[in-house]
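Fold and geometry: a report
Here is how the chains run, residue by residue.
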Amino acid sequence: MRRFERKQNIFTNKDALGESYKPERIQERDDEISEYMDALQPVVDGWEPNNVFLYGNTGVGKTAVTEFLLEMLLEDVSQYDDVDLSVISINCKTLNSSYQVAVELVNELRPPGAEISSTGYPQQTVFKKLFQELDDVGGTILIVLDEVDSIGERDELLYELPRARSNGKLEEAKVGLVGISNDFKFHDQLDPRVQDTLCERELHFPPYQAPELQNILESRADVAIAEDACEEGVLNLCAALAARDSGSARQALDLLRLAGEHAENNDDSQITLDHVDIARQKLEQERVVEGMRELTENGHFALLAVVSKAAHDETPCRMRDLYQEYLRLCNSAGIDPLAQRSVHNHLSDLRMLGILSAEENRTGSRGNYYSYALDVPFSSAMEALSDVLALDSVLEEIRRTAQQAEAV
Ligand SMILES: Nc1ncnc2c1ncn2[C@@H]1O[C@H](COP(=O)(O)OP(=O)(O)OP(=O)(O)O)[C@@H](O)[C@H]1O
């Protein structure tokens, strides 16, 4: 039997490619950092902080830049006796309402053992407890709400917190909110009064370009990967693939880490371009499977309709035709179909998840329409669908059609 044995020929510090690693410096974000520092300047000057809203796709450095700057801010304001700054950061991913976010904040502020229960209070009581805790801390308090879009439509806290001081609910504390989101729709859906305050300063983090990703990867690889353990062109390929797909530094780092793991598992002495290709396929597959988990049954059928059209080599395909295919598939599976508008929403979600791509077609006087296609390999979509749908015969038919189309 094989025994555990230490392997460290590829990585010198694999953790440096992981999510919890804090980079020593942030690269390629000078403009955003400068704007962000301007937004935080009132804290240093002793005034009430601005509320800041950061948005941009996943993996573009919103959290990394925020952590880096707030650490620096805490250090820099320590020289001013009249500024007493505290930072509270929470991730709202599992908190789906103002109530839950407020409870989480109260419990962050309370000592262990004095936490409040996450149910059973009227919302205003929890808000009152939160204001009390904040006043007890006093000074300037920055509250970072990462993935703030999870709060959904029940966003009263985002309205009340920034106004708490002017409404007399806070006396001691000066509170600023830092909201972070990768959901572009969230901002527009906010109540205009919430938008006015939460988005007092808005910072957009655009996707990274390939040369930017390459620089980020190079400084990580210096820490993470052994000398000469990377074939020439590996970092360049990881950067190019991630730039072409999402512009996400996380994706570029994941590609390099996975490619390194493949090299290590094969006892190869270098990470090669082939290892990167295997890593790319694995990540793509994971993304589809992840995305599928978030969808309802109707979302799966909307995807199935696109997959079926792709098998017939009929993508990009416009909504009207996709909807007909969707109806046919629902009918054969005996499920109640949704209206075209709802299917359209599912397709938009699939697009947000990077599973579909959409092309806008302009038709002049009759307006524009979208055509949809798979943005992941056909085989990945099929595999993910077979995991969630008990529709072997339909999937088999699609598979056969795809094989025939290939043979033609
Ligand atoms: N400019 C950069 N310099 C160095 N590392 C970076 C940079 N941008 C991102 N990273 C790294 O990429 C990974 C993802 O970044 P981060 O978590 O900040 O993205 P995000 O925009 O907050 O994404 P999400 O919306 O998914 O939370 C982290 O490991 C981070 O350290």
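If you check an unreviewed UniProt entry, the protein appears there as ORC1-type DNA replication protein from Haloferax elongans ATCC BAA-1513. Its UniProt record gives the protein the following Function (unreviewed entry) comment, quoted word for word: "Involved in regulation of DNA replication."

A closer look at the site of the ligand
As a matter of local geometry, the ligand sits amid 20 residues, with Gln27, Thr58, Thr63, Ala64 and Tyr208 nearest to it. In the model, a nitrogen atom of the ligand is placed 2.6 Å from a nitrogen or oxygen of the Gln27 main chain. When the free accessible area of the ligand is taken as 630 Å², the share hidden by the protein chains comes to 94%. Mapped onto the shell around the ligand, the elements with two or more residues apiece are helix 2 (62–77), helix 8 (210–224) and helix 10 (249–265). Of the residues that constitute the shell around the ligand, the class distribution is eight nonpolar, seven polar and five charged. Split by domain, the residues of the shell around the ligand number at least three in each of domain 1 (30–204) and domain 2 (208–291).

Points about unusual backbone geometry
A cis amide bond links Thr315 to the next residue, Pro316, at an omega of 0°. Following the sequence through the fold, Pro316 ends up in the loop between helix 12 (297–311) and strand 6 (317–318). Although it is not a glycine, Glu28 adopts a positive phi angle of roughly 65°. Among the structural elements, Glu28 can be located in the segment before helix 1 (30–45). On the accessibility criterion, Glu28 (29% relative accessible area) is partly exposed. Although it is not a glycine, Asp267 sits at a positive phi angle of roughly 55°. By the secondary structure assignment, Asp267 is in the loop between helix 10 and helix 11 (273–293). Taking relative accessible area as the criterion, Asp267 reaches 57% and is therefore assigned exposed.

Some points on the UniProt feature "domain: AAA+ ATPase" (unreviewed entry) in the protein
According to UniProt, the positions carrying the feature "domain: AAA+ ATPase" (unreviewed entry) are residues 48–204. A helix fraction of 41% and a strand fraction of 19% characterise residues 48–204, whose end C-alpha atoms lie 23 Å from each other.

Notes on the nonpolar core
Counting 53 residues, the largest nonpolar core has Tyr36, Leu54, Leu73, Leu217, Ile225, Leu256 and Ile271 as the members making the most contacts within it. A per-element tally of this core places helix 10 first, with eight residues. There are two domains that each give this core at least three residues, and those are domain 1 (30–204) and domain 2 (208–291). When sequence neighbours within four positions are dropped, the list of residues in contact with Leu256 reads Leu17, Leu217, Ala221, Ile225, Cys230, Val234, Leu235, Cys238 and Ile271. Among the nonpolar cores identified, the runner-up in size contains 38 residues, and Met292, Ala311, Cys330 and Val394 belong to it.

Calculation notes
Residues numbered from 1 in each chain as written. Predicted model: local features only at pLDDT ≥ 70, side-chain atom pairs only at ≥ 80, totals over all residues. Heavy atoms only, no water. UniProt positions renumbered as here; feature names shortened; annotations may be inferred. Near = heavy atom within 4 Å. Polar contact = N/O pair within 3.5 Å; in protein donor to acceptor, adjacent residues only side chain to side chain. Areas by Shrake-Rupley, 256 points an atom, 1.4 Å probe, with all protein chains shown as cover. Helix = DSSP H or I, 4+ residues; strand = E, 2+ residues; numbered from the N terminus. Nonpolar A, V, L, I, M, F, W, Y, C, P; charged D, E, K, R; others polar. Domains from an automatic or database assignment. Buried < 20%, exposed > 50% of the residue type's maximum accessible area, 1.4 Å probe, protein only. Core = buried A, V, L, I, M, F, W, Y, C linked by side-chain atoms within 4.5 Å. Contact = heavy atoms within 4.5 Å.

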